[in-house]
Amino acid sequence: MKKLLVGATVAAAFSMTACAHNQSTTAAADDGYASLVAEAQAKQEQSRADGNVWQQRNMKLPYVDHYLAEAEKARQESVRLAQEAVKSANGQIDQTNYGRNLTPGWYKEAR
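Residues numbered from 1 in each chain as written. Predicted model: local features only at pLDDT ≥ 70, side-chain atom pairs only at ≥ 80, totals over all residues. Heavy atoms only, no water.

Student: So what's going on with the overall build of the chain? Which residues, and what values?
Tutor: Each helix and strand in the chain was counted, giving 2 helices and 0 strands. Among the 111 residues that make up the chain, the fraction classed as buried is 8%. In the chain, the share of contacts with a sequence separation of at least 24, taken over all contacts with a separation of at least 6, comes to 53%. Roughly 9,500 Å² of accessible area belongs to the chain as shown, and the carbon and sulfur atoms make up 58% of that amount. (Helix = DSSP H or I, 4+ residues; strand = E, 2+ residues; numbered from the N terminus. Buried < 20%, exposed > 50% of the residue type's maximum accessible area, 1.4 Å probe, protein only. Contact = heavy atoms within 4.5 Å. Areas by Shrake-Rupley, 256 points an atom, 1.4 Å probe, with all protein chains shown as cover.)

Take a look at the structure:
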């Protein structure tokens with residue numbers, strides 16, 4: 001039982017360390033995402049001013065706007081999945097903490 005609890009504690013520690021590293025990496029990647037979106041929007045505005053916007057007849061949006069919308073959907077989905085990962089990690093930690101206070105039924109209580 002002790003080995004199980006120690007193993008779960010070590011796994012939780014590694015998980016928390018990995019989450020902290022991913023958050024710092026995600027923050028750096030998010031800055032890159034924001035700069036790419038800003039660059040694409042600025043260049044699209046310049047193309048609109050020049051009157052040269054690529055779009056097929058059946059498309060609702062020009063290519064640039066379509067790809068930016070798809071990127072935003074993917075970004076929102078990745079945030080949702082990251083939130084689910086945090087919920088799972090919290091559940092694992094809660095389960096470990098709950099298990100620390102339990103004693104098996106076959107242990108005789110010291111009286």
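Student: Can you break down the pattern of salt bridges residue by residue, with the values?
Tutor: For the structure on display, the rule yields 7 salt bridges. For Glu72, the salt bridge goes to Arg75, with nearest N and O atoms at 3.4 Å. Note that Glu72 and Arg75 are positioned in helix α2 (residues 63-100) at a spacing of 3 residues, about one turn of the helix. You can call Glu72 partly exposed: its relative accessible area is 28%. (Salt bridge = Lys/Arg side-chain N within 4 Å of Asp/Glu carboxyl O.)

Student: Tell me what's going on with the environment of Arg80, and back it up with residues and numbers.
Tutor: Here Arg80 lies in helix α2. Polar contacts involving the side chain of Arg80 include one to the side chain of Glu77, which spans 2.7 Å. (Polar contact = N/O pair within 3.5 Å; in protein donor to acceptor, adjacent residues only side chain to side chain.)

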